[in-house]
Amino acid sequence: MGRVSRWAVRHPIWGIGAWLLLVALFAVLGTKFAGVYRDTFEMPDTESTTAQQLLKDLPGGGSSFDAVTGRLVWKAEAGDPKDAATVAAINGLAERVAAVPAVACVITPYGAPVGKDCPPADPAAAQSGQQGQTGQQDQAGQQGQAGQQGQADQQGRAGQQDDGSGQQGLIPDTPQAKRALAAFGAAGLSPDHPIGYGTIAFTGKYDDVPQTDVVKVLHEITALDGTDGVVVGVSGEIFTFAGMEEPSSESIGVLVALVILLFAFGSLLGAFLPILSAVLAAGVTTGLLLPFVARFLDVATFAPMLATMIGLGVGIDYALFVINRYREALQRGRSPRAAALESVNTSGRAVQFAAGTVVIALLGLFLMRISFFNGLAVASAAMVLMVAISSLLLLPAALSLLGTRAFAGRMSWINEDEAVSKTRRDGPLHTGAVVFRTLGQVLVLPVTLLGLLWRATLGRRRADRVHHGNAFARYGNWIQQRPWLAAIVALVFLVLVSLPTFAMRLGFPDDSGAPLGKPERTAYDLVAEGFGPGVNGPFFIAQEFTGDAQANQAAFGKLVGALNQTPGVAVAAGLPPAADATATAIQVVPTTAPQDAATTDLLHQLRDEVIPTATAGTGSTAYVGGTQAITADFSAVLADALPLFLLVVVGLGFLALVFLFRSVLVPLLGALTSLLSLGVALGVTVAVFQLGWAASFFGVSSTGPILPFLPVMVFAILFGLSMDYQVFLVSRMQEEWAHTRDNRTAIRRGLAGSGRVVAIAAAIMTSVFAAFIFGSNSTIKVFGLALSTAILVDAFVVRLVLIPALMTIIGKANWWLPGPLARVLPHVAVESEDDYEPVDDIDEGDGSGDDGRAEPVLTPAGT
């Protein structure tokens, strides 16, 4: 990539053209070969997967897995779900929804189904369809679509108590059992609450349903909600993505980043360039590249927002590193093109290494062998690669073309360096510079006032203060005077904040985590009120038989009876096996909600005690599926694959740092301390989203378990980013160590040279990540809090406090390398002082080559 960056500097017009050509290629791929985002995944060799496959093989089960349905739920505020006004309102809604082209049928308890393609009721297919629908658990766990059956099926299920099938007297005659049984069909009414439900079925498969039609259905439902005396909601995976609001909270993070960059560069255009570079790359990736990826991999519906979060954060940081080095070179008197070449030869290399580290960590998720992770890994890695290309191709070309005008729109409270002023030339961009300067003075008055305060307290000329005299040099000296105190305080803080991690429960969020008033949250609450909380997340048991018909009936009845006698079970009922059946389905409705710890405990009791005892000696085997079952299996798969994942990702990171720093202890410190940052991130996340501490401040309406894939995803992202900060900080220290052989001087000068840019980069990335906390997507909120906490702590506590303190305590042993390794490893530097080439053939903007004005530049950076 270095050659490409240098080519873009020499030929900026061609460089920008190459970027546009790349965008055009992605436009073709993203429009002609676009896929659909799906919240599905497969986990081979797990009990929940076995249960799902057996349910799929039941009569009618295969087609039901591809069916696209949603559950419509309503409440009559007058208190009678059968009153004329309620019936008229729901029937009118059914007719309007059925008129939408993609809707096949709408089933309500108030009459015949409405729609162009309403199939006849089939109890057997209905029951397997019920299991299949819920087997398609998405990451939000919303699948209690227990009711994808016909109304006749509901009545038949309730009557299984005395049908001679072996269930006679086994189903409890309790209010909670009756409520749960009332939810077994495609439509019905609660026996003791003014709540009813129905089913909306779409034509074709999930990928075939136009999102515009889903939005129309959602609009009809939200329009009726709260009117005509009816509260209405709807749930289902198809509605989750359609109802998702366009992200807006990230604009807050971008604005904060802009303010930080204004303070850093004192220039309106200089502050906009990193943001523009990141926003363009993120937009191209999210809008064009990720739809293409979704054609070949299972990419979750929240993946574009997660990728955007990562892209904006790292993209602004990468561009910041390049522009900051460019500015430093200008301040030392280099010509603009020479400065751009120096920037890509130094910080450009660091960006390549940083992006490569993050990509390797993300692609390490393939080791988990879960398709769900594969899509997230590729989506996030593609975003990181794209923002890196933008920083190494588009941005150098823009800097080369703009020259010193890259810092136009100067703020009055920042002194422009004389070196930059001296090299400024009038040109075709002069008018634009004046415009930016005027806008900066008139429209950014609040920032200007803050800048005056900044200058009065901390501001001063920063040029040529790399080795001594700046705030970070004095801070480094302060750390070195009391390293034990700094290290102990930092470690105690990190450990204490990490403590809630030990209380972490894993689980998929469901609609209970949606904001109040959202259609999915309304449906969830109404179902829990009218039919019991467990209906929102039942277990589905696939019982497999090997005996004759009579033995199978007896085995079925024994298992149903044992399940109904288990504390915590509201009701268990299923289809009695046919004479030639080899399997059947049983639905178990807990008395507790899906997110309750008691529901998870019930799952383990069923798997470990109840089912093995009930099936022993019967010639049958039973497998438990459902949301909680998938969560448990997911966690088990992660636990099995985690050692290999950590070994590969951490091991490769450690080896890369050994190769780069020619040291053993410094890479070891970098790798181990990243685990402390992860602990803090998970501790804060558990405290807010599970324990409810400060939940209202962050807009968390309900608490529950933490996403099972969150720790692994956060670690993959964090490890790459923390290694970036380690490289940017320690590479300067290593450079000074090579010159002085004084450990304390190397640490202090390393902080002086890189501390400021690391702090700015971390502040920007934290602000971008934190902005997503206040969005409406519950999954992204969790990632926003975890990643913003991780970056904030990793940069400002681990890299800028703990690492310098520990390196001061360790002393010269920081740079120890065993003799055999020292003889074998080559000398490599991310930001090489000796790689600055003469630039006497630089094209000055017209793409034609040398214009004779640039002087050869041979002075290495930092001198």
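Reading the values: rules and limits
- Residues numbered from 1 in each chain as written.
- Predicted model: local features only at pLDDT ≥ 70, side-chain atom pairs only at ≥ 80, totals over all residues.
- Heavy atoms only, no water.
- Pairing = 2+ DSSP bridges.
- Helix = DSSP H or I, 4+ residues; strand = E, 2+ residues; numbered from the N terminus.
- Axes fitted to C-alpha atoms, helices over the stretch in contact; angles between N-to-C directions.
- Contact = heavy atoms within 4.5 Å.
- Salt bridge = Lys/Arg side-chain N within 4 Å of Asp/Glu carboxyl O.
- Buried < 20%, exposed > 50% of the residue type's maximum accessible area, 1.4 Å probe, protein only.
- Left-handed = near helix turned anticlockwise from the far one by under 90°.
- Nonpolar A, V, L, I, M, F, W, Y, C, P; charged D, E, K, R; others polar.
- Polar contact = N/O pair within 3.5 Å; in protein donor to acceptor, adjacent residues only side chain to side chain.
- Parallel < 35°, antiparallel > 145°, perpendicular 65-115°, else oblique.

**Some thoughts on the sheet that holds strand S8 (residues 583-590)**
One open sheet accounts for four strands, arranged S7-S8-S6-S9; its pairing is antiparallel. At either end of the open sheet lies a strand with only one pairing partner, and these are strand S7 (569-574) and strand S9 (620-626). On average, each strand axis in the sheet is tilted by 20° relative to the strand beside it, whichever way the strands run. One ladder, built from seven bridges, connects strand S6 (residues 539-545) with S9; its direction is antiparallel. Note on S9: the bridge partner recorded for Phe539 is Gly626. Along the sheet, helix H24 (residues 597-615) makes contact with S6, S7, S8 and S9, crossing S9 at roughly 170°.

**Details of the pattern of salt bridges**
For the structure shown, the criterion picks out 14 salt bridges. Note that Lys75 and Glu529 form a salt bridge whose closest N and O atoms lie 3.0 Å from each other. Taken as a pair, Lys75 in strand S1 (residues 69-76) and Glu529 in helix H22 (residues 519-531) lie far apart in primary sequence, 454 residues in all. A relative accessible area of 32% means that Glu529 is categorised as partly exposed. Residue Arg96 pairs with Glu220 through a salt bridge whose shortest N-O separation is 3.0 Å. Of the two residues, Arg96 is situated in helix H5 (residues 84-98) and Glu220 in helix H9 (residues 211-224); the sequence distance between them amounts to 124 residues. The network of salt bridges with shared partners includes Arg325, Glu328, Arg332, Arg334 and Glu342.

**Things to note about the packing of helix H26 (residues 665-690) against helix H29 (residues 778-810)**
Between H26 and H29, whose axes approach to 8 Å, the crossing angle comes to 145°. Along this stretch, H26 crosses H29, giving a crossing that reads as right-handed. A class-by-class count of the residues in the contact of H26 with H29 yields 20 nonpolar, six polar and three charged.

**Focus: the side chain of Ser620**
Residue position: Ser620 is located in strand S9. Polar side-chain contacts of Ser620 include one of 3.2 Å to the side chain of Gln543. At a separation of 2.8 Å, a polar atom in the side chain of Ser620 contacts the side chain of Thr618. Discounting residues that sit within four places of it in the chain, Ser620 has contacts with Gln543, Glu544, Phe545, Ala555 and Thr615.

**Thoughts on the environment of Leu669**
Position of Leu669 relative to the elements: it lies in helix H26. Taking the C-alpha atoms as reference points, Leu669 and Asn814, 145 residues apart in sequence, are found 9.6 Å from one another. Once residues lying within four places of it in the same chain are set aside, the contact partners of Leu669 are Ile803, Leu806, Met807 and Ile810.

**Let's talk about the packing of helix H13 (residues 303-331) against helix H15 (residues 347-363)**
When two helices pack together, their arrangement is given by the angle between the helix axes and by the axis-to-axis distance. Where H13 meets H15, the closest approach of the two axes is 9 Å, and the angle between their N-to-C directions is 165°. Judged on the interaxial angle alone, H15 and H13 are roughly antiparallel. H13 and H15 meet at a crossing whose hand is right-handed. Between H13 and H15, the contacting residues are Tyr318, Phe321, Val322 and Arg325 on the first element and Ser347, Val351, Ala354, Ala355 and Val358 on the second. Its residues assigned to classes, the contact of H13 with H15 shows seven nonpolar, one polar and one charged.

**Observations concerning the environment of Ala104**
Here Ala104 shows up in strand S2 (residues 103-107). On the basis of relative accessible area, Ala104 is assigned to the buried category, the value being 5%. On a C-alpha basis, the gap between Ala104 and Ile200 in space is 7.8 Å, while along the polypeptide they are 96 residues apart.

**Notes on the pairing of S1**
With seven of its eight residues buried, S1 lies for the most part within the structure. As defined by bridge partners, S1 adjoins strand S4 (residues 195-202) across seven bridges and the pair is classed as antiparallel. The residue of S4 that forms the bridge with Thr69 is Ala201. Bridging between S1 and strand S5 (residues 230-235) involves six bridges; their strand directions are antiparallel. Directly across from Val73, in S5, lies its bridge partner Gly233.

**A look at unusual backbone geometry**
At Asp228, a position not held by glycine, the phi torsion is positive, near 55°. If you trace the backbone, Asp228 turns up in the loop between H9 and S5. Backbone geometry at Arg741 places phi at a positive 55°, although glycine is not the residue there. Tracing the sequence through the fold places Arg741 in the loop between helix H27 (710-740) and helix H28 (743-771).

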